[in-house]
Amino acid sequence: MKKKLITFLCILLISIILLFPMPVYYKDGGSVRYAAILYSVTDVHSISLDSETGYEEGFIVEILGFEIFNNVK
């Protein structure tokens, strides 16, 4: 019983470490990146002179370092 509890707590602790995101704020107009060890989500809101609105908006989702979704305009 005690061994199962210790195993469960270890698995819970490891999953929290791998999945808990830490926010990183960029000074490019308001972009925020929520990064954990296994994934990262970036909410892009950056100033861009190339776009017609003057800034880029969108989301970028990466899992294990591979870009899964990108709709930055």
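Look above for the structure.
Fair warning: this is a prediction, and the values are worked out from it, not measured in the lab.

Reading guide: rules and limits
Residues numbered from 1 in each chain as written. Predicted model: local features only at pLDDT ≥ 70, side-chain atom pairs only at ≥ 80, totals over all residues. Heavy atoms only, no water. Patch = residues over 30% accessible without salt bridge, like charges linked within 9 Å, V, L, I, M, F, W, Y side chains within 5 Å. Areas by Shrake-Rupley, 256 points an atom, 1.4 Å probe, with all protein chains shown as cover. Salt bridge = Lys/Arg side-chain N within 4 Å of Asp/Glu carboxyl O. Helix = DSSP H or I, 4+ residues; strand = E, 2+ residues; numbered from the N terminus. Pairing = 2+ DSSP bridges. Axes fitted to C-alpha atoms, helices over the stretch in contact; angles between N-to-C directions.

> Help me understand a nonpolar patch on the surface in this model?
The grouping of Leu-13, Ile-17, Leu-19, Ile-37, Leu-38, Phe-59, Ile-63, Leu-64, Phe-66, Ile-68 and Phe-69 at the surface amounts to a nonpolar patch, some 1,100 Å² of accessible area in total. Secondary-structure elements contributing two or more residues to the nonpolar patch are α1 (2-19), β4 (55-63) and β5 (66-70). With respect to the element layout, Phe-66 can be found in strand β5.

> Is there a simple way to think about the sheet that holds strand β2 (residues 32-35) in this case?
Pairing between the strands of a sheet is mediated by backbone hydrogen bonds and can be parallel or antiparallel. One open sheet accounts for five strands, arranged β1-β2-β3-β4-β5; its pairing is antiparallel. Of all the strands in the sheet, just β1 (22-25) and β5 have a single pairing partner and so form its edges. Between one strand axis and the next, the sheet turns by 20 degrees as a mean value, whatever way the strands run. As judged from the four bridges shared by β2 and strand β3 (residues 39-47), these two strands associate in the antiparallel manner. Across the sheet, residue Val-32 finds its bridge partner in β3, namely Asp-43.

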